Amino acid sequence: MRHTGFRRTVVAIGVCSSLALAATACGSGDDGASGKTRITVNCEPPKSAKVDRRFFEEDIASFERQNPDIDVVAHDAFPCQDPKTFDAKLAGGQMEDVFYTYFTDARHVVDVSQAADLTPYLKELKSYDTIQKQLRDIYTVDGKVYGVPRTGYSMGLVYHRGLFEKAGLDPDKPPATWDEVRAAAKKIAALGDGTVGYADYSAQNQGGWHFTAELYSQGGDVVSADGKKATVDTPEGHAVLQNLHDMRWTDDAMGSKQLLVINDVQQLMGSGKLGMYLSAPDNIPILVKEKGGNYKDLALAPMPGGKGTLIGGDGYMFNKHDTPAQIRAGLKWLDHMFLTPGKGFLGDYARAKKNDAPVGLPEPRLFTGAADAKDQQVKKANANVPVANYQAFLDGNQRLQLKIEPPNAQQIYSVLDSVVSAVLTKKDADIDQLLKDASGKIDSILARS
């Protein structure tokens, strides 16, 4: 599903704003008339995100000074990858030379023959071997490399320390099981005045996304290991829905308003009216900067259940029409912008701190070995958020199975959305029938892929 931060503070952004743009303006093009190698790239922060926009432009300018034979043309829009236009851009040859993708789209881009094979050029990417192999493998298809990871995330439980204290709960001992989540949610909701104990998404495919995360936490899966059959109609799938049903209808711990999406839930948490919800760490600065929250009140725990958590993220792929020179230039640009510990758009923690951007959030580690040690050292030296509030998340994640999103994720999430929304809006929802119907629909999706 969509990652909620293009850097540390805002939602992912940046594609060409119209499919009417000519291929020379938004797709891969020839080297520039000046003799320079010209590459178009996307996911530039919008002008409304002034600080991140400035950082992005500064880093491109620095790259061009160091590489005077390369001209980088950045495109911005909202979001980085719009699911409504992504496939049309692929089919129409409108993709940038170096273009942003969610992890879940990597295989699809390869399957429709729109990605350049980067395997012969990997020696040009200095950082490649330092990136976590699990993330690199996402962009590896049939032994060939078609993309480069840029960021990752894993789901956890965001909770409000202040409400925990008011409800008589220990904020230093967050819920570790779903039974404990339910008990805590009931106590928090009992505070009254519109306070919600636990909230969940149930619209715009986001309910299906969270169902998947909750299923992973129970030790279940959405599809079989071979990717051919649905595995949601199981004891684990039933447990997820029964828990949501009981918190909603038996405990009255989820509030009366349902069909919520991410912005609704963030608004509740930022205003101090919500005890817990599932999210990635990058939600925390959004809660503070956009929703009125306070860092000291916001903490992060690992996924309840203790068995697994959903991971996701993004990276860049290259247009199949790119020239060898453009591929080499694009890989150099990725190294400079995103993949050098302690430097660049994602790694310059000193610059981020100086401009009041949060440093020290528990993002999953992109690097390994010496590169990881360097990244962590610089991050720790510039931390400006209460890192102790996230220690439980960091410790707990080490014991969880990290699982990527299922194949055909958005189509499957659409199916599961209706299941979650039914449970949260209909007290007498038939969980067994809902899972049986969803399983059949997912089987059909997998059969067509």
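Here we look at the confidence of the model for the chain
Reasoning step 1: Of all residues in the chain, 92% have pLDDT values of 70 or greater, and the mean over the chain is 91.
Reasoning step 2: Below pLDDT 50 for its whole length, residues 2–29 participates in 129 contacts with residues either more than four positions away or in separate chains.

Topic: helix H17 (residues 409–425)
Reasoning step 1: Compared with an ideal rise of 1.5 Å per residue, which puts 17 residues at 24 Å, H17 spans 24 Å between its outermost C-alpha atoms and is within 8% of the ideal.
Reasoning step 2: The element H17 is extensively covered by neighbouring structure, given that 12 of its 17 residues are classed as buried.
Reasoning step 3: Regarding H17, the residues found buried are Ala409, Ile412, Tyr413, Val415, Leu416, Asp417, Val419, Val420, Ser421, Ala422, Val423 and Leu424.
Reasoning step 4: For H17, the elements touching its buried residues are helix H8 (206–217), helix H9 (235–250), strand S11 (308–318) and helix H18 (431–448).

Re the layout of surface pockets
Reasoning step 1: Looking at the largest pocket, its volume works out to about 1,300 Å³.
Reasoning step 2: Surrounding the largest pocket, 39 residues form its lining, Thr104, Pro406, Pro407, Asn408 and Ala409 being those nearest its centre.
Reasoning step 3: At the level of elements, helix H3 (86–91), helix H4 (106–111), strand S4 (140–141), strand S12 (401–404) and H17 are the ones that each hand at least two residues to the lining of the largest pocket.
Reasoning step 4: In terms of residue count, H4 provides more of the lining of the largest pocket than any other element does, four residues in total.
Reasoning step 5: For the lining of the largest pocket, a count of residues per class yields 16 nonpolar, 11 polar and 12 charged.

Parameters and conventions
Within any chain, residue numbers begin from 1 and follow the written order of that chain's sequence. Predicted model: local features are reported for residues with pLDDT of at least 70 only, side-chain atom pairs are reported and counted for 80 or more only, and whole-chain, interface and lining totals are derived from all residues. Values shown for side chains rest on all heavy atoms present in the structure; no hydrogens or waters enter the calculation. A residue's pLDDT is the confidence the predictor assigns to it, expressed on a 0 to 100 scale. Throughout, a residue-residue contact means that at least one pair of heavy atoms, one from each residue, lies within 4.5 Å. Numbering of helices and strands runs from the N terminus; a helix is a DSSP stretch of H or I covering at least four residues, while a strand is a stretch of E covering at least two. By definition here, a helix of n residues has an expected span of 1.5 Å times n minus one. Note on classification: 1.4 Å probe, protein chains only; a residue is buried when its accessible area is under 20% of the maximum for its type, exposed when over 50%, partly exposed between these limits. A 1.4 Å probe that fits into a set of points on a 1 Å grid over the protein atoms alone but cannot get out defines a cavity; an open set with protein on both sides within 12 Å along at least five of seven lines defines a pocket, and lining residues are those with an atom within 4 Å of a point. Grid points are joined across faces, edges and corners, and a volume is the space filled by probe spheres set on the points. Amino acid classes used here: Ala, Val, Leu, Ile, Met, Phe, Trp, Tyr, Cys and Pro are nonpolar; Asp, Glu, Lys and Arg are charged; the rest, including Gly, are polar.

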